[in-house]
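The chain contents come next:
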Amino acid sequence: MSRKTSVKFIQKTWRTLFCAGLLGAALLNMSGCATVSGRRARAENAARENKSDARGKTVKDLAGKWHKISDGGIDYAVYAENLGSFETYQITEDGRVTVETFEAARNYDCPVESSARREGNLSLLSDSQLNIRLATGTIRKSNACAPEQNSTAALPAAIANYQWSLREDETGRADLCLTPSGGGAALCYRREN
């Protein structure tokens, strides 16, 4: 190759690399991901999900551990005996949610248990609606008298919208009530102090 041709080749190569770099930076900036790790994009996404509704409520107002209640309260005597059905929502200020269920019974004096756990995200859609997106999770079943019935299985991912309300009872404890948007009974949860 002649000297003149190699200089042109180098100039074209540098122009191509420079333009590719500019194009990549422009695309990265338009995506909202200003860094390779995407910290700024995740922070902006969390800010959008934590947006205030008409009453000024944010996901931060729902942060905490919530226990399902029935008949006006949590039956701690049954809970201590590990008998019954229990459900908790753990909500963080940035909108992450962990849902755990636990069911325990005695079958001919043999403890039989089922527990499930899934994690996901919660976002407020309006002053009365929220969305919960759960990733795949795990369900475990155990029978103390028949270990061959013990099993572990995957739970599918789930997306659900709920009508929600936050209220205080007469003693000042916070209750979160969720009603499936498609219809169904409201389930209420009390925040753990």
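A. Main features of the overall build of the protein. The number of helices and strands found in the protein is three helices and ten strands. In the protein, the order of α-helices and β-strands from amino to carboxyl end is α-α-β-α-β-β-β-β-β-β-β-β-β. Within the protein, the fraction of its 193 residues that count as buried is 26%. Considering only contacts within the protein whose residues lie at least 6 apart along the sequence, 44% involve residues at least 24 apart.

B. Just the side chain of asparagine 143, in detail. Here asparagine 143 is to be found in strand E6 (residues 137-143). Within the structure, the side chain of asparagine 143 is placed 3.2 Å from the backbone nitrogen of alanine 146, a separation counted as a polar contact. Here glutamine 149 takes part through its side chain, which lies 3.2 Å from a polar atom of the side chain of asparagine 143. Aside from chain neighbours lying at most four places away, what touches asparagine 143 is Cys110, Pro111, Val112, Gln149 and Asn150.

C. Molecular detail of the pattern of salt bridges. Per the counting criterion, the structure on display carries four salt bridges. With a closest N to O distance of 2.7 Å, arginine 117 and glutamate 119 form a salt bridge. Residue arginine 117 is classed as partly exposed on the basis of its relative accessible area of 39%. Members of the salt-bridge network, linked through shared partners, are Glu100, Arg117 and Glu119.

D. Quick look at the environment of threonine 58. Summarising the element assignment, threonine 58 is placed in the loop between helix H2 (39-49) and strand E1 (64-69). Distance from threonine 58 to serine 123, taken between C-alpha atoms, is 8.9 Å for residues 65 residues apart in sequence.

E. Geometry of unusual backbone geometry. The backbone phi angle of aspartate 109 is positive, close to 65 degrees, even though this residue is not glycine. With respect to the helices, strands and loops of the structure, aspartate 109 is situated in the loop between strand E3 (96-107) and strand E4 (110-124). For aspartate 109, a relative accessible area of 63% puts it in the exposed group.

F. Just the environment of serine 151, in detail. Tracing the chain through its elements places serine 151 in strand E7 (residues 151-155). Along the sequence, serine 151 and serine 114 sit 37 residues apart, while their C-alpha atoms lie 9.4 Å from each other. With residues near it in sequence (within four places) discarded, serine 151 still touches Ile139, Arg140 and Lys141.

G. Region of interest: the state of the cysteines. In total, this model carries two disulfides according to the counting rule given. Here cysteine 110 pairs with cysteine 145 through a disulfide, and the sulfurs are 1.6 Å apart. Because the sign of the S-S torsion sets the handedness, a value of about -90 degrees for the bond joining cysteine 110 and cysteine 145 places this disulfide among the left-handed ones. Of this pair, cysteine 110 sits in strand E4 while cysteine 145 sits in the loop between E6 and E7; the two residues are 35 residues apart in sequence, bridging distant segments of the chain. Assessed through its relative accessible area of 11%, cysteine 110 is described here as buried. Residue cysteine 177 pairs covalently with cysteine 188 via a disulfide, S to S 2.0 Å. Since a negative S-S torsion denotes a left-handed disulfide, the cysteine 177-cysteine 188 link at about 105 degrees is right-handed. Of this pair, cysteine 177 sits in strand E9 (residues 174-180) while cysteine 188 sits in strand E10 (residues 187-191), and the two are eleven residues apart along the sequence.

H. Structural view of the packing of aromatic side chains. One pass over the full model with this rule turns up two aromatic pairs. Seen in terms of ring centroids, phenylalanine 86 and phenylalanine 102 are 6.3 Å apart; in terms of plane orientation they differ by 20 degrees. Their pairing is stacked. Residue phenylalanine 86 is found in strand E2 (residues 84-91), and its partner phenylalanine 102 is found in strand E3; the two are separated by 16 residues along the sequence. Residue classification places phenylalanine 102 among the partly exposed residues on the basis of a relative accessible area of 22%. Judged by centre distance (5.0 Å) and plane angle (75 degrees), the ring pair of tyrosine 89 and tyrosine 189 falls under edge-to-face. A residue pair is termed long-range when its members are at least 10 positions apart, and tyrosine 89 in strand E2 and tyrosine 189 in strand E10 qualify at 100 residues. Among the residues examined, tyrosine 189 registers a relative accessible area of 2% and is labelled buried.

Conventions and cut-offs
Residues numbered from 1 in each chain as written. Predicted model: local features only at pLDDT ≥ 70, side-chain atom pairs only at ≥ 80, totals over all residues. Heavy atoms only, no water. Helix = DSSP H or I, 4+ residues; strand = E, 2+ residues; numbered from the N terminus. Buried < 20%, exposed > 50% of the residue type's maximum accessible area, 1.4 Å probe, protein only. Contact = heavy atoms within 4.5 Å. Polar contact = N/O pair within 3.5 Å; in protein donor to acceptor, adjacent residues only side chain to side chain. Salt bridge = Lys/Arg side-chain N within 4 Å of Asp/Glu carboxyl O. Disulfide = S-S within 2.5 Å. Phe/Tyr/Trp six-rings, centres within 6.5 Å; stacked < 30°, edge-to-face > 60°.

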